[in-house]
Amino acid sequence: MKKFSLWCDFIENNFLEKEFLDLLNFKINGATSNPSIFKNAILNSSFYKNQIIKLKGKKAKEIYEELAINDIKKAADKLMPHFMNFNDGFISLEIDPRLYNHTSLSLGEAKRLFNAIAKENVMMKIPATEASYEVMYELMKEGISVNATLVFSQDQGKKCFDALNEGLKYFYQKNSHLANAKTPKAVISIFVSRFDKFLGINVLEQGSIGVLNANLIYNDIVSKNEPNIRALFASTGVKDNTLSKDYYIQELFFENSINTAPLDAIDAFNEKCTFKVPLDNTKIYDKLNQIVSLYDLQKAYKNLMDDGLEQFCIAYEDILSALS
């Protein structure tokens, strides 16, 4: 059976009690969060002001984590019926983004937060840096689901898959005798629309580099035939007003993929559209060569990754500063 999943790239406490439930009933079956999303929620919603007052006296990071964990728990509970019906039902929480270059600290934080939330349908969100592949492996090995994020290049995608898959194989071997062992799931979050903005591409005239690049990484993942590790298309909000709000959902409407999108894209999306057939790698390389040089593409990989890490760190620091 062909499957496509649409996850909501937004979380806020009041939203979880209202609009989120409506979306769960007819459009989405998962959700994601990141430091920028929490920054927007915590610093702009009156709900959190009252909660912050109650937590006065604690350190800023402790306050943030308590607020974030409460929201993640609430989202996990709302999503649990989907999870129990094997229809995704995941919510992800990103570890402190400032730890992206520290393997042991990242692993310790991921385990601590996962245990504090204590919900099996939570994914720990880990950036795809050299220091973090071991973290992904160790988490999967211990049965903790993972969202590998900030993936821009094929090289990152392959390293994420290898780490996640090795951890999954270890989990299978270790728990083969347990009938009720909950197999961890993983998604590899491939960032899309930022390419077109960074490279100044006119998508309607030249085609989307973000879509072509994401198609490449998707092909690599599905070729491995591991159903518990799936491709997730992230950063799918349009950054060009000439495009329809759901452009990147429609263009990447691939079998057995996930798209995590902002609210305006979800609202615009017509779920009755038909599946697209992904291009094979040879055709993708031909198209990319017509639009962008290899040098500029490699430059985009590095700059977008550096910027993504920096922006999440800035958002995290902004939250802590406001809570201090």
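Computed from a predicted structure; not experimentally measured. (Residues numbered from 1 in each chain as written. Predicted model: local features only at pLDDT ≥ 70, side-chain atom pairs only at ≥ 80, totals over all residues. Heavy atoms only, no water.)

K.L.:
Help me understand the packing of aromatic side chains, please; the structure alone is not making it clear to me.
P.N.:
Describing an aromatic ring pair means giving the distance of the ring centres and the angle of the ring planes. The full count for this structure, using the stated rule, is 17 aromatic pairs. Considering the side-chain rings of F152 and F191, the 5.4 Å spacing of their centres and the 50 degrees angle between planes classify their relative orientation as tilted. In this pair, F152 is assigned in the loop between β5 (146-151) and α8 (154-174) and F191 in strand β6 (residues 186-191), connecting sequence segments 39 residues apart. Comparing F152 with F191 shows no difference in burial state: the two are buried. Members of the aromatic cluster, each reached through a chain of ring pairs, are F4, F253, F269 and F275. Seen from the ring of Y170, K141 lies directly overhead, with NZ or CZ sitting 4.6 Å from the centre. (Phe/Tyr/Trp six-rings, centres within 6.5 Å; stacked < 30°, edge-to-face > 60°. Helix = DSSP H or I, 4+ residues; strand = E, 2+ residues; numbered from the N terminus. Buried < 20%, exposed > 50% of the residue type's maximum accessible area, 1.4 Å probe, protein only. Lys NZ or Arg CZ within 6 Å of the ring centre and 35° of its normal.)

K.L.:
Hey, could you run me through the pattern of salt bridges in this one?
P.N.:
For side chains of opposite charge, pairing can occur when their charged atoms come near one another. The full count for this structure, using the stated rule, is 20 salt bridges. Notably, a salt bridge pairs K74 with E17, separated by 2.9 Å at the nearest N-O pair. Of this pair, K74 sits in helix α5 (residues 60-84) while E17 is found in helix α1 (residues 13-17), placing the two residues 57 residues apart along the sequence. K141 serves as the salt-bridge partner of E138, at 3.8 Å between the closest nitrogen and oxygen. With E138 and K141 both in helix α7 (residues 133-141) and three residues apart, the pair spans about one turn of that helix. Relative accessible area serves as the criterion here: at 16%, E138 is assigned to the buried category. One network of salt bridges, with partners in common, ties together K61, E65, D96, R98, E109, R112 and E317. (Salt bridge = Lys/Arg side-chain N within 4 Å of Asp/Glu carboxyl O.)

Functional significance is not addressed by these values, which are geometric in nature.
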